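Listed below are the residues making up each chain.
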Amino acid sequence: MDHKELVELDRQYTMQTYGRFDVDIDHGKGATLYDLAGKEYIDFSSGIGVNSIGYGNEKWVEAITRQAQKLGHISNLFYSQPYARLAKSLCQRTGMAAAFFGNSGAEANEGIIKLARKYSFDKYGKGRGTILTLKNSFHGRTLTTLTATGQEVFHNYFFPFADGFRYAEAGSIDAIQEVAGHDVCAVLLELIQGEGGVYPMDPAYVHDLAVLCAERDWLLLVDEVQTGVGRTGSLFAFQQYGIIPDGVSFAKGIAGGLPMGGFLVNERCRNVLGPGTHAATFGGNPVSAAAAQVVLDTLDEDALAKVREKGDYIRARIEHMGLASLGQTRGMGLMIGVEVKGDESNKVLAARLIRHGLLVLTAGPALRLLPPLTITMAEIDKGLAIMEDVLI
Ligand SMILES: *Cc1c(COP(=O)(O)O)cnc(C)c1O
């Protein structure tokens, strides 16, 4: 099959919910991908922050193969090693108390929303189920997480949306106080707003927010679906902010490309969701869990230090290119936003880069770079050379 035949097949039989770029991807190795015609692409996108340890990682392939041969699925009504071992690794490396595994980011966020409402219900009874979220946030595509998302453009078509969310301007404790009330049980935020445009939260604001949550007995919920699993140069971004969330969700990068999501809770929340209150048929699937174990083992302290170094390097190189179309960079580790200047939109610039062999993403008004965390310096330099050649 060639590219044209594939596009026709896709258009005829799949729901056209994605505005796809006119590129197909067939296979990959490291941070380099190839299309059906054999053309090479350097990947600064990792799916969308998913292929955390690149493509075709040998340990990852081997762990998946071995686990698939042994046991491909088992109900969560039974104990199984990959689930428990992965939970132990995550807890030991974060100081959190316990883990729950589901299948996606939105589902993980639904889980921490349920956590907060149950925590509050158990302690205070009904009428305290409202969650405060931030403007310009993104929390997922299910009906509840769409409502949690603090962007008006997402609150369309699918009426009626759920009650129980209010929105505050990011970065301002006063804004939180203004929408607070006796019905609130939690604040949910991203430490770097990803889809919104790669906007890191100010550490002083996050600290003050944590203090306010403690005072009001609101749960502090952190959506690390994009920032988690090494992306920012620590296993979770909250570890660089010096806070301990009550609940933290993760997904994208956790299993290096297989579907998995979940959340961690701290000591005081470990028993909030008891038997029968939460479940996921596929959650913590042994093959995904075995893959995630390899991802965590690969992302040791040394690898995380390299994530920070590579991020600094990419940002410095882009800023020194002095391109008229690109401005300042922002972000942490290998989660990088690049401001777009001039007449051409981020979408136009991204399409041109992709056509010339560099996969990038957009977010809000910015270009967004999320390379595999294991990308080599040679691949980075190749990608940056394409950027310098193709953009003005
Ligand atoms: C991608 C993303 C989600 C949604 O994850 P899905 O796996 O697509 O459901 C939620 N929150 C944040 C911060 C994300 O970046």
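Residues numbered from 1 in each chain as written. Predicted model: local features only at pLDDT ≥ 70, side-chain atom pairs only at ≥ 80, totals over all residues. Heavy atoms only, no water.

Student: Looking at this structure, I do not really get the packing of aromatic side chains. What am I missing?
Tutor: Any two aromatic rings considered together are summarised by their centre-to-centre distance and by the angle between their planes. Scanning all chains against the criterion turns up 8 aromatic pairs. Relative to Phe250, the ring of Phe101 lies with its centre 6.1 Å away and its plane at 65 degrees, an arrangement referred to as edge-to-face. Highlighted residues: Phe101 in strand β4 (residues 98–102) and Phe250 in strand β11 (residues 247–250), separated in sequence by 149 residues. Among the aromatic residues, those joined into a cluster by ring pairs are Tyr83, Phe101, Phe236, Phe238 and Phe250. Positioned over the ring face of Tyr124 is Arg128, at 4.0 Å from the centre of the ring. (Phe/Tyr/Trp six-rings, centres within 6.5 Å; stacked < 30°, edge-to-face > 60°. Helix = DSSP H or I, 4+ residues; strand = E, 2+ residues; numbered from the N terminus. Lys NZ or Arg CZ within 6 Å of the ring centre and 35° of its normal.)

Student: Quick question: what am I supposed to make of the domain arrangement of the chain here?
Tutor: It is common to give the size of an interface as the accessible area that goes away when the parts come together. When cut into domains, the chain gives domain 1 (3–52 + 301–390) and domain 2 (59–298). Each of domain 1 and domain 2 was reduced to a C-alpha centroid, and the two centroids are 26 Å apart. Counting the surface lost from both domain 1 and domain 2, the interface buries some 2,100 Å², and carbon and sulfur atoms represent 60% of this. Inspection of the region where domain 1 meets domain 2 yields 1 salt bridge. A salt bridge links Arg368 to Glu195, with the nearest nitrogen and oxygen atoms 2.9 Å apart. At the surface where domain 1 touches domain 2, the tally comes to 12 residue pairs in polar contact (both at pLDDT 80 or more). Counting only elements with at least two residues in the side of domain 1 that touches domain 2, the list comes to α2 (46–49), α11 (301–321), β13 (326–332), β14 (335–340) and β17 (366–369). Among the elements that take part in the side of domain 1 that touches domain 2, α11 stands out by supplying 5 residues, more than any other. Grouping the amino acids of the side of domain 1 that touches domain 2 by side-chain chemistry returns 15 nonpolar, 9 polar and 4 charged. (Domains from an automatic or database assignment. Buried area = accessible area lost by both parts, 1.4 Å probe. Salt bridge = Lys/Arg side-chain N within 4 Å of Asp/Glu carboxyl O. Polar contact = N/O pair within 3.5 Å; in protein donor to acceptor, adjacent residues only side chain to side chain. Nonpolar A, V, L, I, M, F, W, Y, C, P; charged D, E, K, R; others polar.)

Student: Would you take a moment to explain the nonpolar core for this structure?
Tutor: Nonpolar side chains tend to gather and get buried jointly when the protein is soluble and globular. In terms of nonpolar packing, the biggest core is built from 109 residues, with Leu90, Ile176, Trp218, Ile318, Leu326, Leu369 and Met387 touching the most fellow members. Examining the composition of this core, we find that 7 residues originate from one element, helix α10 (residues 286–298), more than from any other. Taken together, domain 1 (3–52 + 301–390) and domain 2 (59–298) each give at least three residues to this core, which thus spans both. In this structure, Leu90 is in contact with Phe101, Phe236, Phe250, Ile254, Leu264 and Leu296, ignoring residues within four places of it in sequence. (Core = buried A, V, L, I, M, F, W, Y, C linked by side-chain atoms within 4.5 Å. Buried < 20%, exposed > 50% of the residue type's maximum accessible area, 1.4 Å probe, protein only. Contact = heavy atoms within 4.5 Å.)

Student: I tried to follow the packing of helix α3 (residues 58–70) against α10 on my own but got confused; where do I start?
Tutor: Packed helix pairs are specified by the crossing angle of their axes together with the interaxial distance, meaning the distance between the axes. It is at 8 Å that the axes of α3 and α10 come closest, and there the two elements cross at 155 degrees. When the axis of α3 is compared with that of α10, the two are roughly antiparallel. Judged by the twist between their axes, the crossing of α3 over α10 is right-handed. The residues of α10 that touch α3, namely those facing Lys59, Trp60, Ala63, Ile64, Gln67 and Ala68, are Pro286, Val287, Ala290, Ala291, Val294 and Val295. Along the lines of polarity and charge, the residues of the contact of α3 with α10 split into 10 nonpolar, 1 polar and 1 charged. (Axes fitted to C-alpha atoms, helices over the stretch in contact; angles between N-to-C directions. Parallel < 35°, antiparallel > 145°, perpendicular 65-115°, else oblique. Left-handed = near helix turned anticlockwise from the far one by under 90°.)

Student: So what exactly am I meant to see when it comes to the site of the ligand here?
Tutor: Near the ligand you find 13 residues, and of these Gly105, Ala106, Asp223, Gln226 and Lys252 are the closest. Within the backbone of Phe138, a nitrogen or oxygen atom sits 3.4 Å from a nitrogen atom of the ligand. Interatomic distance of 2.8 Å between a side-chain N/O atom of Asp223 and a nitrogen atom of the ligand. Among the elements that take part in the shell around the ligand, helix α5 (residues 105–124) stands out by supplying 3 residues, more than any other. Each residue belonging to the shell around the ligand can be placed in one class, and the counts come to 3 nonpolar, 6 polar and 4 charged. (Near = heavy atom within 4 Å.)

Student: In this structure, what is going on with the environment of Val179? I would like to understand it.
Tutor: Within the fold, Val179 resides in helix α7 (residues 173–179). The buried category is assigned to Val179, whose relative accessible area is 19%. Separated by 60 residues in the primary sequence, Val179 and Gln239 place their C-alpha atoms 28 Å from one another.

Student: How should I be thinking about helix α8 (residues 203–216) in this particular structure?
Tutor: Because an α-helix packs 3.6 residues into every turn, residues spaced three or four apart end up facing the same way. Helix length check: α8 (14 residues) gives 20 Å between terminal C-alpha atoms against 20 Å at 1.5 Å per residue, within 8%. Where the residues of α8 are buried, they touch β5 (130–134), α7, β7 (184–189), β10 (219–223) and α9 (238–241). Immediately downstream of α8, the backbone of Asp217 shows phi near 55 degrees, a positive value. (Expected span 1.5 Å × (residues − 1).)

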